[in-house]
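Chains, contacts and geometry: an overview
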Amino acid sequence: MMKHARPTKTAVVSRVKSDPLPDTYSSLDEAGENENSSFKWAAVYWKEGGINLPENGRMKLKNNTHLSFRGIFGTKLDCDLTQISVETESRMNGMIRDAFRVVVRSDVSKEDGVDDDGNINYLFTTVIKDPTAVVERIQSAIDEAHVVSKKNGADEGINDQQQLRRLPPDDVLQKMTIMGKRKIKGVSMQDYFEVAWSEGNECEKEPMYEPFLTSCGKNNVKVQKWESQEGGFKGEWCDESYTQQRIVTFNFMKKTIGETLVSVQHTQRCRRVNDRCIVHMTLDMKGFPFADCFVVEVRHVASCVGENDILVEIGLFVRFLKSCMFESKIRTNTSAETTKLQMDLLDRVIKGCKPYAIEQTAGTDEGEEDDDSDGMAETESAIAVKRDSGVIHVLAAAIQFILTPILSMLLMPLIRLKLFDPLPRPKTTRDALNNVRKRIVQLEEVSLTNNVPAEQRQTIKREIEAINAALKRIESLHHS
């Protein structure tokens, strides 16, 4: 188990070791005895990293100054509203958007569980309340807490820029798989753009994109200059407007059955506004089997954080243009190849930005190292929440181990998903195929719910159609 970060001097986050484990939600209320709470709700804490069970509990907004969580297995979190931000979050690779993430700024060193952005992350879902309403309520309390804090002069000595909440999440990025995120310290947005995307045009920076692709074994690389036009450019998939566009082309030899020449075109669109630079690219490939079935959407979102830093997040979405039997394999292989290429590009951009970084202010930790390992790429699923390793932690693990099978047996009679209904053992191939078709119908009923975004539902439908087509071919082969 991971160890939770120790509390700082400001007691932004605290977790009491000696408190007894609450048994019911009523005891959770007793844990906050004599504390007024204007808003409370049942929530589930999803511990990221490793194999962890979700922990039910209750969240409270206390006096519009603190956000707290009490879990049934002993987790206790108390966050000062002036030190946190909240944002909606998706799970299951973006298929379900029912969660929200609480991000706590921390002065604790990285050895104590803080990520590269100096933050601790907690992922929650709500049990009954609408997660959007919860996020709006928490954000409203955060805004109010900042106003009161500034009015009372409690923020003396803290940089005002660091107190400002983060820019709102990029809506399109929320629909994509996050390949990685990196923080570039002490660099302006203008320097970032010129280093990463200008190719030395209208500035004194060295070209970046063409030399990078050439170093990756790509041939005949051509990077056009950014173009502008009245009315801008419209993205086909994201349906957003951009101010600039350019085309990048190259080819390379790809090993399939033998070796084949693959031609690639990147249509890149850029928009810079409100301390954010977005470069969205559509990758179109030709020259190998099923290449006409899909394109790859990649999105680089660079956002200003703090006073002089930039957070770069890279999203990926494999968009299928028509139904294909091998969608799953294509998605897996393409995602792996694209992720490596894009993260290698980000590594080179970070190195290219270093000569233009300004010195860190006095508020920066003196002992913080600024080597390459400081910014190791991390996907959202790799952010681990560290917890205490005391007696309570051991007891909680033991209780989980004992209660999980018991609760499963007690709750299973209440779960009536048709997917769990037994089917008769098939005696013939036709019986087996009919059983599979019944399961597919049940799968469609369960998976195509309102919680799944419309675009994801279309993808699921295409996968199910491909399975049905395969079953028909198996049936025809058996009877031929």
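Everything in this summary refers to the structure shown in the same document. What you see is a predicted model; the values in this text were computed from it and never measured.

Considerations on the packing of helix H6 (residues 327-353) against helix H9 (residues 454-479)
Viewed as axis vectors pointing N to C, H6 and H9 meet at an angle of 125°, and their least axial separation amounts to 10 Å. Relative to H9, H6 is oriented oblique. Between H6 and H9, the residues in contact are Glu327, Ser328 and Arg331 and Thr459, Arg462 and Glu463, respectively. Considered class by class, the residues forming the contact of H6 with H9 number no nonpolar, two polar and four charged.

Topic: the side chain of glutamine 245
One can find glutamine 245 in strand E12 (residues 244-255). Taking the relative accessible area as the measure of exposure, glutamine 245 reaches 16% and is therefore buried. In terms of polar contacts, glutamine 245 uses its side chain to reach the side chain of arginine 269, at 3.0 Å. Among residues more than four places away in sequence, those in contact with glutamine 245 are Lys225, Trp226, Glu227, Phe233, Thr267, Gln268 and Arg269.

Some details on the nonpolar core
Within the largest apolar cluster, 49 residues are counted, with the highest numbers of intra-cluster contacts made by Tyr192, Trp197, Tyr209, Cys277, Phe294, Val298 and Val312. Per-element tally for this core: the top contributor is H6, with eight residues. Grouped together as the second largest cluster of nonpolar side chains are 25 residues, Trp41, Leu67, Leu77 and Ile138 included.

Some points on the environment of serine 140
As for its position among the elements, serine 140 is in helix H2 (residues 131-151). Separated by 76 residues in sequence, serine 140 and asparagine 64 place their C-alpha atoms 9.0 Å apart.

Digging into the packing of helix H4 (residues 189-197) against H6
Between H4 and H6, whose axes approach to 9 Å, the crossing angle comes to 125°. Judged by the inter-axis angle, H4 sits oblique to H6. When you trace H4 past H6, the crossing you get is right-handed. Each of Tyr192, Val195, Ala196 and Trp197 in H4 lies in contact with H6, whose residues at this interface are Leu345, Val349, Gly352 and Cys353. Of the residues contributing to the contact of H4 with H6, the split by class is seven nonpolar, one polar and no charged.

Notes on the pairing of strand E13 (residues 259-273)
Of the pairings in the sheet, the one linking E12 to E13 comprises 12 bridges and is antiparallel in character. Within the sheet, the bridge partner assigned to asparagine 251 lies in E13 and is serine 263. From the end of E13 to the start of strand E14 (residues 276-286), which pair antiparallel, there are two residues, and asparagine 274 there has a positive phi angle of about 55°.

What to know about the packing of aromatic side chains
Counting across every chain of the model gives 11 aromatic pairs. Taken together, the ring pairs in this structure connect Tyr45, Phe69, Phe100, Tyr122 and Phe124 into an aromatic cluster. The ring of phenylalanine 288 carries the charged tip of lysine 254 above its face, separated from the ring centre by 5.5 Å.

Quick word on H2
In this model, H2 (21 residues) spans 30 Å end to end at C-alpha, consistent with the 30 Å of a helix rising 1.5 Å per residue. Taken together, the buried positions of H2 are occupied by Pro131, Val134, Val135, Ile138, Gln139, Ala141, Ile142, Ala145, His146 and Ser149. Projected down its long axis, H2 carries its buried residues within an arc of 160°, all on one side. Facing away from the buried surface of H2 by more than 90 degrees, the exposed residues are Glu136, Val147 and Lys151.

Focus: the sheet that holds strand E8 (residues 177-184)
Sheet architecture is open: seven strands sit in the order E8-E16-E15-E14-E13-E12-E9, paired in antiparallel fashion. Edge strands, defined here as strands with exactly one partner in the open sheet, are E8 and strand E9 (219-223). Strand-to-strand twist across the sheet, computed as the mean angle between neighbouring axes with direction ignored, equals 15°. Here strand E15 (residues 294-305) runs beside strand E16 (residues 309-320); their pairing, made up of 12 bridges, is antiparallel. The residue bridging glutamate 297 from the neighbouring strand is phenylalanine 317, located in E16. Relative to E16, H6 is tilted by about 160°, and along the sheet it contacts E8, E12, E14, E15 and E16.

So, how was this worked out
- Residues numbered from 1 in each chain as written.
- Predicted model: local features only at pLDDT ≥ 70, side-chain atom pairs only at ≥ 80, totals over all residues.
- Heavy atoms only, no water.
- Axes fitted to C-alpha atoms, helices over the stretch in contact; angles between N-to-C directions.
- Helix = DSSP H or I, 4+ residues; strand = E, 2+ residues; numbered from the N terminus.
- Parallel < 35°, antiparallel > 145°, perpendicular 65-115°, else oblique.
- Contact = heavy atoms within 4.5 Å.
- Nonpolar A, V, L, I, M, F, W, Y, C, P; charged D, E, K, R; others polar.
- Buried < 20%, exposed > 50% of the residue type's maximum accessible area, 1.4 Å probe, protein only.
- Polar contact = N/O pair within 3.5 Å; in protein donor to acceptor, adjacent residues only side chain to side chain.
- Core = buried A, V, L, I, M, F, W, Y, C linked by side-chain atoms within 4.5 Å.
- Left-handed = near helix turned anticlockwise from the far one by under 90°.
- Pairing = 2+ DSSP bridges.
- Phe/Tyr/Trp six-rings, centres within 6.5 Å; stacked < 30°, edge-to-face > 60°.
- Lys NZ or Arg CZ within 6 Å of the ring centre and 35° of its normal.
- Expected span 1.5 Å × (residues − 1).
- Arc of directions from axis to C-beta.

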